[in-house]
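# A look at the structure
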Amino acid sequence: MSVWKRIKGILTKPEPPQAEKTMLQLAPGDICEVSLVTYEVVGRVQNRARNAVVLTLQDGTAFRYLHIEERELTRYALYTPIDGRLDAPDEVPTLLDLDGRAYHLEEEYGGMVSTAGRTPYGQAGEQLVWQYQSDDNMLLRVEWQDRRFTLYEGESILPADIKVIRSS
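Since the structure is predicted, the reported quantities are computational estimates derived from the model, not experimental observations.

### Side note on the nonpolar core
Among the nonpolar cores identified, the biggest contains 17 residues, and Met-23, Cys-32, Val-34, Leu-55, Leu-57, Leu-66 and Ile-68 are the most heavily contacted of them. The leading source of residues in this core is strand 3 (residues 52-59), at three residues. Once residues lying within four places of it in the same chain are set aside, the contact partners of Cys-32 are Met-23, Leu-26, Val-37, Thr-38, Tyr-39, Val-41, Leu-57, Lys-163, Val-164 and Ile-165. One finds Leu-96, Tyr-103, Val-142 and Phe-149 within the second-largest nonpolar core, a separate group that totals 10 residues.

This is how it looks when you write it as structure tokens:
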């Protein structure tokens, strides 16, 4: 190695290290851990207006959905899809009774979402969401997009129970 190359190597600034992705930035192909279970992120639905994302997680053949919303605090909820049927978006009730558990409507909103990877909805578009909570802190999420409903049941997750394993 010549003297000039050594001097050039000493004077050049090293590249700054890449910042690690946050949970809100994860995309298909990334790996994360939720409540000690390792998942591959296979899909992503993002609502930029609310600073929220729903990640489709896969562990073997099982799919789960991690809802992340950043407000004054970042909130996490892990959902499992359930069977159910509603007729029309304007007929969604404020109280839902599923298997003897009463869910009370906490929040209703809509907005444009973008999608990537494998998601319940194949393309971006307008999405309506109803979020419910039961007296024993179980969560229910109802989504309407592309003229169809999807229902999920889940629970809140503590931020300490979530971490990024590998990001692409």
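Continuing now.
### Notes on the UniProt feature "domain: DUF4178" (unreviewed entry) in the protein chain
Mapped onto this numbering, the UniProt entry annotates "domain: DUF4178" (unreviewed entry) at residues 28-159. Within the segment residues 28-159, helix and strand shares are 0% and 68% respectively, and the terminal C-alpha atoms sit 21 Å apart.

### Concerning the pairing of strand 9 (residues 138-145)
Most of strand 9 sits inside the fold, with six of its eight residues counted as buried. Pairing of strand 8 (residues 125-134) with strand 9, which is carried by six bridges, proceeds in the antiparallel orientation. Residue pairing in the sheet places Tyr-132 in a bridge with Leu-140 of strand 9. Here strand 8 hands over to strand 9 after three residues, with Asn-137 in that stretch at a positive phi of 65°. In the sheet, strand 9 pairs with strand 10 (residues 148-157) via eight bridges, with the strands oriented antiparallel.

### Overview of the environment of Arg-141
Summarising the element assignment, Arg-141 is placed in strand 9. Taking the C-alpha atoms as reference points, Arg-141 and Ala-124, separated by 17 residues in sequence, lie 19 Å from one another. Residues within four places of Arg-141 in sequence aside, it is in contact with Val-54, His-67, Tyr-79, Tyr-109, Gln-127, Val-129, Trp-130, Gln-131, Thr-150, Leu-151 and Tyr-152. Here the side chain of Arg-141 touches Glu-143 through a polar contact of 2.8 Å, side chain to side chain.

### So, the pattern of salt bridges
All chains considered together, the criterion is met by 10 salt bridges. Between Lys-21 and Asp-30 there is a salt bridge; the shortest N-O distance is 3.2 Å. Take Lys-21: its relative accessible area is 21%, and that puts it in the partly exposed class. Where Glu-69 meets Arg-71, a salt bridge forms, and the shortest distance between an N and an O atom there is 3.3 Å. What makes Arg-71 partly exposed here is its relative accessible area of 41%. One network of salt bridges, with partners in common, ties together Arg-50, Glu-69, Arg-71 and Glu-107.

Rules used throughout
- Residues numbered from 1 in each chain as written.
- Predicted model: local features only at pLDDT ≥ 70, side-chain atom pairs only at ≥ 80, totals over all residues.
- Heavy atoms only, no water.
- Core = buried A, V, L, I, M, F, W, Y, C linked by side-chain atoms within 4.5 Å.
- Buried < 20%, exposed > 50% of the residue type's maximum accessible area, 1.4 Å probe, protein only.
- Helix = DSSP H or I, 4+ residues; strand = E, 2+ residues; numbered from the N terminus.
- Contact = heavy atoms within 4.5 Å.
- UniProt positions renumbered as here; feature names shortened; annotations may be inferred.
- Pairing = 2+ DSSP bridges.
- Polar contact = N/O pair within 3.5 Å; in protein donor to acceptor, adjacent residues only side chain to side chain.
- Salt bridge = Lys/Arg side-chain N within 4 Å of Asp/Glu carboxyl O.

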